[in-house]
Amino acid sequence: MTLTLIEVENCFKDGDRQAIPEFYFLNTVDPNFRFMRMQPYGQLIASPRTGVRSISPSHTKKCRHAFKIARERRVDLFLTPEYCVPISLIHEMIMNPELQPPPNTLWCICCEGVSWSDFENHMNEWSDYAYVGKGALKNVYPRNFVGLMLYVFQSVDGDKLCIVPQCKVQPMREQLNVCEQDGLSRGSHIVLFHSQSGNRLVSIICADAYHEDIKSAGIFFPSNQDYKNIVLHPQLNSDPRNKDIAALRNRMFEEERGRHTLYITANWAHGTSIGIAHQPDTTIRIKAPWSSIYKRNVNYSRKEMDEILHDVRVKNFKFGLGFAFAERTKLKVWYAVKYEHLQMISLRKPYAGGPELTRPAGTVQASESYIPNESNDGWKEEEIKFDSTLPEVLAREATGDFDYPRRASVDDLDRFLSYCLGYIDGNELLLDDEEMSNRLSYHIDDDCEIHRGHQISNVVRLIHCLKQLAHHKYPSPIRRIQGGFKFDLVDKNSHYNIISKQPRVRAGALVAFVERENDAKQRAYQLIEKCGEYNYSDKICVFSYKPYTTEIIHYPQHNDDVTAIERVEKKPDYSQGGHSIEPTFD
């Protein structure tokens, strides 16, 4: 079924179109807008007759309270994940002004599954009290139930709510196919909100990303032109890093046309379970929500990005918002803590008005977070941080002279652990092609923990190497440190991760562990080159093991003979020929 964009004005009857207001988050009066995202936790049940619904007793109460907070805090754009809000709460919203969005704001509410016939009845009831724009429901292929997003906003006169439904257009590919493949009613329109300034908003719902007309990203860029898009992608997804879903993001940003796009996902929280009706042994669980905000990178190196965004990253961390940089695809990614929460974030509009001379760095700034209250029937404002507990395998070894990881701040620990792995240039901020983070100082989600655990084990191997070598077997960069050494950092201008235990001795070295011998040798000379050969050629030591043995080896090779012409073995030639091609940044 071919998809088309339908402007929100065309969703209403001719007489109701004048009810549509100007939306604050689209104009250029202010460069920023206030965004709130809900990441709920719950027990859900999926059925091919009625779709997906929550069976958690307190879920409706928490949705109701979230509406009240979004209204009280006057957020400009509010988003819930897929299949989130009970349909009964929409009727309650229509009748209760305390649950309604303020003027000139937009709430994007994904509703629980409802049968197609019941949904039609609900719309008829809503029409008695609200403007209901049904234009996006043309050419729907009706089946058992509907998965939908409701766009809800105040009419320009404030006399009624406006409600615009948008149906899901593509069923899930995962185990939920037993629900959606058999019963999902499919739409054929994507609603478009736009302003005279050029800012636009469109939404897709979870598996819509697989649709042929969406996965190419062409529907967001008619005639292949650059548009100032805010793209919302709410999900109920146990695999949000799925390569096909990630492919949509990559296609959206890979060309110049996507340089102004702001892409936002919202998922259910870690631990959420989805049971399958009539299949009690089948349960799907959310382990990695990966609710994230994606923006195109400006022309910063890793080091510059670390420094320029440092203060913003520290503040966002307190409200459960982490940061990573996808170097190959040139994306800045701000990801939410995996636990249940509400999050308020100030976002830079895709187009903020005026000449685009500079792009400010801190364009994603979290300001508030809410967690479930004590009775678990609402929300309380509270900072929510990532779990920065040291993995047990490192905590056991980080004692005595090696206790620095226990007392370091999150940022310092990231830098320290990167040094221990042989990186000095902001490697901890990177995402790989599967969107797995290199952050080691805190737990992100179960997917990233596999990589984190592997890297932490290499830090432990470094400690083992340092403990097992008797003093006379230490390489000279370590042996020359007066008074013995300990784990520590000096300052950002020094790349030492071990320093003298004597307080007034400014001696140190950079030590690291790399698994494979050949890689260790290459990494050692890369570090010398990056740190500066004059200052660091005899202060770097990269450890490894001889293949299939526990024999400790280290690079570069040092000659401690005072008559030696070269104290450090010359750098081997690792070149493969040809020119070195570095990715460019916009």
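Residues numbered from 1 in each chain as written. Predicted model: local features only at pLDDT ≥ 70, side-chain atom pairs only at ≥ 80, totals over all residues. Heavy atoms only, no water.

Turning to the overall build of the chain, a few remarks are in order. In terms of regular secondary structure, the chain is built from 15 helices and 28 strands. The C-alpha atoms of the chain give a radius of gyration of 27 Å, which matches the 25 Å a tight globule of 586 residues would have. For the chain, the spread of C-alpha atoms along the three principal axes comes to 95 × 55 × 40 Å. Residue burial in the chain is summarised as follows: out of 586 residues, 57% are buried. For the chain, the share of sequence-separated contacts (at least 6 apart) that also reach a separation of at least 24 residues comes to 72%. A total accessible area of about 24,600 Å² is found for the chain, and carbon and sulfur atoms account for 45% of it. Treating the 72 positive side-chain charges of the chain as one cloud and the 78 negative ones as another, the clouds have centres 2 Å apart. (Helix = DSSP H or I, 4+ residues; strand = E, 2+ residues; numbered from the N terminus. Rg over C-alpha atoms; globule rule 2.2 N^0.38 Å. Buried < 20%, exposed > 50% of the residue type's maximum accessible area, 1.4 Å probe, protein only. Contact = heavy atoms within 4.5 Å. Areas by Shrake-Rupley, 256 points an atom, 1.4 Å probe, with all protein chains shown as cover. Lys, Arg positive; Asp, Glu negative; His and termini not counted. Charge placed at Lys NZ, Arg CZ, Asp CG, Glu CD.)

Here we take up the sheet that holds strand β28 (residues 552-555). Within a sheet, neighbouring strands are paired by backbone hydrogen bonds and run either parallel or antiparallel to one another. Within the open sheet, the five strands sit side by side as β24-β25-β26-β27-β28. Their pairing is mixed. Only two strands of the sheet have a single neighbouring strand rather than two, namely β24 (485-487) and β28. Here the strands of the sheet are splayed against their neighbours by 30° on average, with no regard to which way each runs. With two bridges joining them, strand β25 (residues 498-500) and strand β26 (residues 508-513) adopt antiparallel strand pairing. In the sheet register, I499 faces β26, and the bridge partner there is G508. Relative to the sheet, helix α12 (residues 446-468) contacts β24, β26, β27 (540-545) and β28, its axis offset from that of β26 by approximately 120°. Those strands touched by helix α14 (residues 517-531) are β26, β27 and β28, and its axis lies near 170° from that of β27. (Pairing = 2+ DSSP bridges. Axes fitted to C-alpha atoms, helices over the stretch in contact; angles between N-to-C directions.)

With that settled, the discussion passes to the pattern of salt bridges. Within the structure shown, the criterion is met by 30 salt bridges. Salt-bridge contacts for D425 lead to K530; the nearest nitrogen and oxygen are separated by 3.1 Å. With a gap of 105 residues between them, D425 in the loop between α11 (410-420) and β23 (430-431) and K530 in helix α14 connect regions that are remote in the sequence. For D425, a relative accessible area of 21% puts it in the partly exposed group. Classification of K530 by relative accessible area gives exposed; the value is 52%. Among the charged side chains, a network of salt bridges with common partners joins R313, D411, D414 and R439. (Salt bridge = Lys/Arg side-chain N within 4 Å of Asp/Glu carboxyl O.)

Okay, the sheet that holds strand β17 (residues 292-296) next. With mixed pairing, nine strands are arranged side by side in an open sheet as β1-β11-β12-β13-β14-β17-β19-β18-β23. In the strand order of this sheet, the two ends are held by β1 (4-7) and β23, each with one partner. Sheet topology note: the β17/strand β19 (residues 331-336) ladder contains five bridges and is antiparallel. Looking across to β19, one finds that K295 is bridged to K332. Packed on one face of the sheet, helix α6 (residues 243-253) meets β13 (228-234), β14 (262-266), β17 and β19 and runs near 165° to β14.

Note that an α-helix has 3.6 residues per turn; residues three or four places apart therefore point the same way. Helix length check: α12, at 23 residues, gives a terminal C-alpha distance of 33 Å against a target of 33 Å (1.5 Å per residue), a fit within 8%. Inspection of α12 places C448, R452, Q455, I456, S457, N458, V459, V460, L462, I463, C465 and L466 among the buried residues, and these make up the whole buried set. (Expected span 1.5 Å × (residues − 1).)

Where helix α2 (residues 87-95) contacts helix α3 (residues 116-126), the axes come no closer than 11 Å and their chain directions differ by 5°. Between α2 and α3, the crossing angle belongs to the class labelled roughly parallel. Mapping the contact onto sequence places I87, I90, H91 and I94 in α2 and H122, E125 and W126 in α3. (Parallel < 35°, antiparallel > 145°, perpendicular 65-115°, else oblique.)

Let us look at the environment of P21. By the secondary structure assignment, P21 is in the loop between β1 and β2 (32-39). Residue classification places P21 among the buried residues on the basis of a relative accessible area of 9%. In sequence terms P21 and V140 are 119 residues apart; their C-alpha atoms lie 27 Å from each other.

Let us look at the nonpolar core. Judged by nonpolar contacts, the single largest core of 140 residues is most densely connected at L106, W126, F193, L201 and F220. Looking at which element gives the most residues to this core, the answer is strand β8 (residues 145-154), with eight residues. If near-sequence neighbours (up to four positions away) are discounted, L201 is found in contact with F25, L26, L77, L106, Y151, V191, L192, F193, I230 and L232. (Core = buried A, V, L, I, M, F, W, Y, C linked by side-chain atoms within 4.5 Å.)

Structurally, R452 is set in helix α12. Sequence-distant contacts of R452, defined by excluding residues within four places in its chain, comprise T389, P391, R439, L440, S441, Y442 and H443.

Applying the stated criterion to the full structure yields zero disulfides. No disulfide involves C167; its sulfur sits 11 Å from the nearest other cysteine sulfur, which is in C111. Relative accessible area serves as the criterion here: at 1%, C167 is assigned to the buried category. No disulfide involves C206; its sulfur sits 9.6 Å from that of C110, the nearest cysteine. Judged by its relative accessible area of 2%, C206 is buried. (Disulfide = S-S within 2.5 Å.)

What follows concerns the pairing of β14. With five of five residues buried, β14 lies mostly within the body of the structure. Of the two faces of β14, the one holding L262, I264 and A266 and the one holding Y263 and T265 are both buried throughout. The pairing of β13 with β14 spans five bridges and is classified as parallel. If you follow V231 over to β14, its bridge partner there is Y263. Of the crossover connections in this fold, the one passing from β13 over α6 to the parallel β14 is right-handed. Judged from the three bridges that link them, β14 and β17 form a sheet pairing that is antiparallel. Paired with Y263 across the two strands is Y294, which belongs to β17. (Right-handed = clockwise from strand over helix to strand, strands pointing away.)

Moving on: the packing of helix α1 (residues 59-72) against α2. Running from N to C, α1 and α2 cross one another at 35°; their axes reach a closest spacing of 11 Å. Between α1 and α2 the crossing geometry is right-handed. Counted together, T60, C63, R64 and F67 of α1 and L89, E92 and M93 of α2 form the full contact between these two elements. (Left-handed = near helix turned anticlockwise from the far one by under 90°.)

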